[in-house]
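# Coordinate inspection notes
Take a look at the letters that make up each chain.
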Amino acid sequence: MPETTVKSFAEQIGVAPDKLLQQLVAAGIAGKKSSDPLSDDEKMALLNFLRTHHGAGEPEAKRITLTQKSTSKIMQNSRFGQSRAVQVEVRKKRTFVKRPVPDEPEAPPAEAEAIVEPVAERVAEPEAPPTTVTPPEPVEAEEPVAEVPVSEPVPPPVVEPPVAQEPPQNRTVRKDTRPERGRNERRERPAARPPGAGDRKPHKGRPGGAPQRGASAGKRVVTSMSGQHAFEMPTERVVRDVYLPEAITVAELAQQMSIKAVEVIKVLMQLGMMVTINQVLDRETATIVVEELGHVAHEARSHDPEAALKVGDQEEGAREPRPPVVTVMGHVDHGKTSLLDYIRKTKVASGEAGGITQHIGAYHVEMPKGMLTFLDTPGHEAFTAMRARGAKVTDIVILVVAADDGVMPQTVEAIHHAREAGVPIVVAVNKIDKPQADMERVKQELVTHEVVPEEWGGSDIFVPVSAKTGQGIENLLDAVLLQAELLELTAVRNTMASGIVIEARLDKGRGPVATILVQEGTLRKGDVILAGRESGRVRAMTDEIGRSIKEAGPSIPVEVQGLSGVPNAGDEVSGVENERKAREIALFRQGKYKDVKLQRQQASKLSNMFQQMQEGDVKTLTLIVKADVQGSVEALTEALEKLSTEEVKVRVVHGMVGGISESDVNLAVASNAIIIGFNVRADGGARRLIDSEGVDIHYYNVIYDAVNEVKAAMAGMLKPQFREDVVGSAEIREVFRTSKAGVVAGCQVSEGVIRRGRQARVLRDNVVIYNGEIESLRRFRDDVSEVKAGMECGLTFKNYSDIRAGDQVEVYERVEVARTL
Ligand code: GDP
């Protein structure tokens with residue numbers, strides 16, 4: 001015992017501290033407070049005082065003391081049944097005597113402790129029925145004698161401390177142990193639960209958490225109600241451990257708890273949520289439901305075989321420099337393909353055996369200064385599509401700009417896409433062999449897009465080349481290697497391989513064939529790999545010229561055979577210990593991909609902007625602006641970026657004239673952006689991608705509206721608003737001029753219904769050229785009010801006649817919608 005204070009000593013001997021202080025004063029030890037230390041000498045002084053003070057009765061007092069001592073002895077030997085019985089007697093006596101206080105100190109201090117300890121020991125000893133147990137600190141206030149409370153419960157062998165009485169396994173039911181609950185406790189729980197106790201598991205501060213009773217309370221109530229059956233009940237109520245993925249449907253959730261979906265719907269209704277059976281719930285909501293129903297919710301982590309994969313991933317191994325991976329981008333016809341072809345033809349070792357390079361989606365070249373790998377699918381579309389799938393493959397972009405043509409729209413797009421991905425650009429000014437080539441013009445034009453040559457104080461490398469003659473190509477490759485050096489690209493070579501699927505196809509003879517870019521580790525023939533949702537053993541592995549190879553290290557592309565199916569470009573590849581594990585993970589992923597998509601669909605919507613901002617999730621509102629004319633792109637970009645506040649930066653990552661393309665949507669996915677279409681529409685491919693990826697897109701035809709809505713979204717004040725629902729669309733096949741009706745559009749209705757008198761737009765190349773109303777509608781010679789999909793019709797627009805074959809007609813309705821916020 002470290003230091004004895006007056007208070008602790010009083011506790012040891014079972015005297016109220018005040019009383020002890022009085023006795024100390026009487027013994028000549030004055031001025032003590034209960035928190036003051038008490039030395040052995042002082043204790044002895046007190047003891048002597050008390051002895052002499054009791055004076056006359058000394059012998060008697062001694063006897064009492066003896067009794068006391070024997071008691072303590074017996075207690076220590078309490079493992080022998082008989083001694084225990086004696087002890088009980090003594091204690092009772094003590095409570096009546098009520099004056100053992102002076103005696104207590106007689107025992108040397110050390111022994112006083114010894115008395116207490118065995119008692120404590122006994123508490124835990126359940127097989128000591130006749131003895132009643134003294135809680136170690138039963139003293140509570142004035143009672144000078146520790147044992148007072150004990151005397152009463154002596155007869156029945158009751159286990160004393162009623163509050164802390166839980167038998168060991170009961171601990172599993174305790175509400176406050178949720179985080180530490182081990183998995184194996186699960187089996188105990190049903191048994192440990194009080195029979196028929198409230199079937200709700202107590203939860204912290206959740207709505208509807210009223211029956212937060214201790215297990216025992218619940219037990220008592222129910223037992224008395226259910227009479228003699230009480231103890232048979234545990235089998236009925238099973239507390240389940242429910243493992244929740246990030247998203248789960250109401251039906252799946254119900255199934256996991258082995259209850260009807262209606263039960264789940266009911267609980268959610270009580271919580272104020274109306275849901276359908278197929279509705280997807282996020283994990284948090286699902287957790288509330290699970291707890292509300294008395295089960296225990298866990299994150300689905302432990303079911304996630306990928307967790308194991310991740311652990312394996314983090315294998316040690318020294319990082320070594322690795323070759324850069326390059327994508328070629330630029331405007332159409334500026335020479336991307338020619339450049340890639342030239343490099344492949346002249347630089348890829350066309351080995352002795354056969355020696356014809358084949359297209360496998362990527363190739364690597366060895367230069368005196370180092371190795372570099374080219375992705376053989378040029379253009380920002382492929383680049384961003386890859387990124388949209390979460391794959392980061394490219395280290396450096398070669399931007400090809402034809403010296404005779406200069407910066408063109410796709411040049412600018414390529415810059416935006418590369419910048420947004422944070423990938424450095426090396427500019428190849430191509431077609432330098434042509435007489436019209438104008439290097440300076442290219443530089444100047446690129447500067448306006450913030451690609452600045454080094455000699456003008458920037459950091460971008462410009463290399464004049466000709467993909468036709470090969471002039472400058474070596475310099476270009478050197479420049480790329482130089483840029484790569486700055487990036488300090490490294491990888492671990494000595495570990496299980498991981499990488500990305502560059503492309504994949506089903507080969508008639510060979511089955512699924514995939515080009516894999518190894519990013520880390522070394523891929524070997526015979527390895528078991530997982531590629532997205534497919535798995536398999538690498539049966540054969542070839543390089544870009546069709547040679548069979550045994551292994552491939554970081555940044556090396558290889559074609560592999562042996563996968564169970566055709567993976568997607570952009571899928572992650574990882575080496576796995578065995579095929580069973582690979583299959584398991586592949587299966588798990590099949591479920592997970594669904595979830596990921598769902599999650600994405602919740603993300604980056606203008607309508608939940610504010611909420612996400614509040615939660616601190618959004619620091620930058622990323623936008624893509626597509627508009628009909630350059631003036632609108634600029635005006636919108638400026639106005640929108642001006643909305644930036646201290647908390648949230650508004651950034652237009654891509655602003656461009658033209659309809660919304662697939663590559664815009666991919667960029668939106670890759671950079672979590674919202675698309676603003678101003679007098680432009682998404683084309684068919686883009687629309688499909690928008691739907692499947694859940695990208696948020698907003699159309700406007702007044703700049704003020706666009707700016708105001710974004711502003712409102714940032715302030716969390718989106719007002720109920722009119723939405724334009726397209727009810728039908730048609731393609732103009734022919735244009736006639738009639739004397740009566742003027743210019744008539746001969747149309748084929750492609751979707752929905754075209755109605756007379758409705759609002760309509762005319763689109764040319766996905767750009768809105770007219771916004772008005774359908775004035776007349778005819779089918780053959782009859783005026784009709786509507787024409788359905790698949791039919792032909794003739795129509796005219798109110799006050800508008802500048803139409804052409806190929807234009808699209810969109811008929812829409814304005815619908816008032818309440819915003820979700
Ligand atoms: P891509 O659309 O960017 O892939 O461009 P291509 O590689 O298909 O090239 C378009 C056209 O430009 C082709 O006719 C090429 O032969 C030509 N071309 C490409 N590079 C050069 C070059 O350096 N010099 C000349 N004179 N023509 C080139």
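Residues numbered from 1 in each chain as written. Predicted model: local features only at pLDDT ≥ 70, side-chain atom pairs only at ≥ 80, totals over all residues. Heavy atoms only, no water.

What follows is about the environment of Gly379. Take Gly379: it is sitting in the loop between β8 (370–375) and α15 (380–388). It is 9.8 Å that separates the C-alpha atoms of Gly379 and Val400, two residues lying 21 residues apart in sequence. Beyond its immediate sequence surroundings of up to four residues, Gly379 is in contact with Thr327, Val328, Met329 and Lys336. (Helix = DSSP H or I, 4+ residues; strand = E, 2+ residues; numbered from the N terminus. Contact = heavy atoms within 4.5 Å.)

Let us now look at the pairing of strand β23 (residues 674–678). The buried fraction of β23 is high, at five of five residues. Burial of the side chains of β23 extends over both faces: Ile674, Ile676 and Phe678 are buried on one face and Ile675 and Gly677 on the other. In the sheet, strand β21 (residues 620–627) pairs with β23 via five bridges, with the strands oriented parallel. Across the sheet, residue Leu623 finds its bridge partner in β23, namely Ile674. As paired strands, β23 and strand β24 (residues 697–700) are joined by four bridges and run parallel to one another. Across the sheet, the residue bridging to Ile675 is Ile697, located in β24. In this fold, β23 hands off to helix α23 (residues 684–693), which returns the chain to β24; that crossover is right-handed. (Buried < 20%, exposed > 50% of the residue type's maximum accessible area, 1.4 Å probe, protein only. Pairing = 2+ DSSP bridges. Right-handed = clockwise from strand over helix to strand, strands pointing away.)

All right, on to the pairing of strand β31 (residues 792–797) then. Burial of β31 is extensive: five of the six residues sit out of reach of the surface. Here strand β26 (residues 742–755) runs beside β31; their pairing, made up of four bridges, is antiparallel. Paired with Ala745 across the strands is Leu795, a residue of β31. Where strand β28 (residues 767–779) lies against β31, four bridges are found, and the strand directions are antiparallel. Across the sheet, Ser776 pairs through a bridge with Thr796, a residue of β31.

A separate point is the packing of aromatic side chains. Under the definition given, this model contains three aromatic pairs. One aromatic cluster in this structure is built from Tyr770, Phe797 and Tyr800. A cation over an aromatic ring shows up here: Arg681 above the ring of Tyr699, its NZ or CZ 4.2 Å from the ring centre. Above the plane of the ring of Tyr812 lies Arg761, whose end atom (NZ or CZ) is 3.9 Å from the centre. (Phe/Tyr/Trp six-rings, centres within 6.5 Å; stacked < 30°, edge-to-face > 60°. Lys NZ or Arg CZ within 6 Å of the ring centre and 35° of its normal.)

By nearness alone, 15 residues border the ligand, and Asp333, Lys336, Thr337, Ser338 and Asp433 come closest of all. Measuring from a nitrogen atom of the ligand, one finds a side-chain N or O atom of Asp433 at 2.7 Å. In this structure, Ala467 approaches the ligand through a main-chain N or O atom, which is 2.8 Å from an oxygen atom. Against a free-state accessible area of 570 Å², the protein chains account for coverage of 72% of the ligand. Per-element accounting of the shell around the ligand gives the leading share, three residues, to helix α14 (residues 336–347). Of the residues in the shell around the ligand, the class split is two nonpolar, seven polar and six charged. (Near = heavy atom within 4 Å. Polar contact = N/O pair within 3.5 Å; in protein donor to acceptor, adjacent residues only side chain to side chain. Areas by Shrake-Rupley, 256 points an atom, 1.4 Å probe, with all protein chains shown as cover. Nonpolar A, V, L, I, M, F, W, Y, C, P; charged D, E, K, R; others polar.)

Turning to the nonpolar core, a few remarks are in order. Of all hydrophobic cores here, the largest spans 29 residues; its most connected members are Leu339, Ile343, Val365, Leu372, Phe374, Ile398 and Leu476. Of all the secondary structure elements, the ones that give two or more residues to this core are β6 (325–330), α14, β7 (362–367), β8, β9 (396–402), β10 (425–430), β11 (461–464) and α18 (473–487). No other element matches the seven residues that α18 contributes to this core. Sequence-distant contacts of Phe374, defined by excluding residues within four places in its chain, comprise Val326, Val328, Leu340, Ile343, Gly361, Ala362, Tyr363, Val365, Ile398 and Leu477. Judged by nonpolar contacts, the second largest core, of 23 residues, contains Ala418, Ala421, Ile425 and Leu446. (Core = buried A, V, L, I, M, F, W, Y, C linked by side-chain atoms within 4.5 Å.)

Taken as a whole and assessed by the stated rule, the structure comprises 31 salt bridges. Where Arg419 meets Asp460, a salt bridge forms, and the shortest distance between an N and an O atom there is 3.6 Å. With Arg419 in helix α16 (residues 409–421) and Asp460 in the loop between α17 (439–447) and β11, the pair connects residues that are 41 residues apart, well separated along the chain. Since its relative accessible area comes to 36%, Arg419 is described here as partly exposed. When its relative accessible area of 8% is taken as the criterion, Asp460 is described as buried. Across the pair Glu551 and Arg524 runs a salt bridge, and its minimum N-O distance is 3.3 Å. Here Arg524 lies in strand β15 (residues 523–524) and Glu551 lies in strand β18 (residues 551–552), a separation of 27 residues in the sequence. (Salt bridge = Lys/Arg side-chain N within 4 Å of Asp/Glu carboxyl O.)

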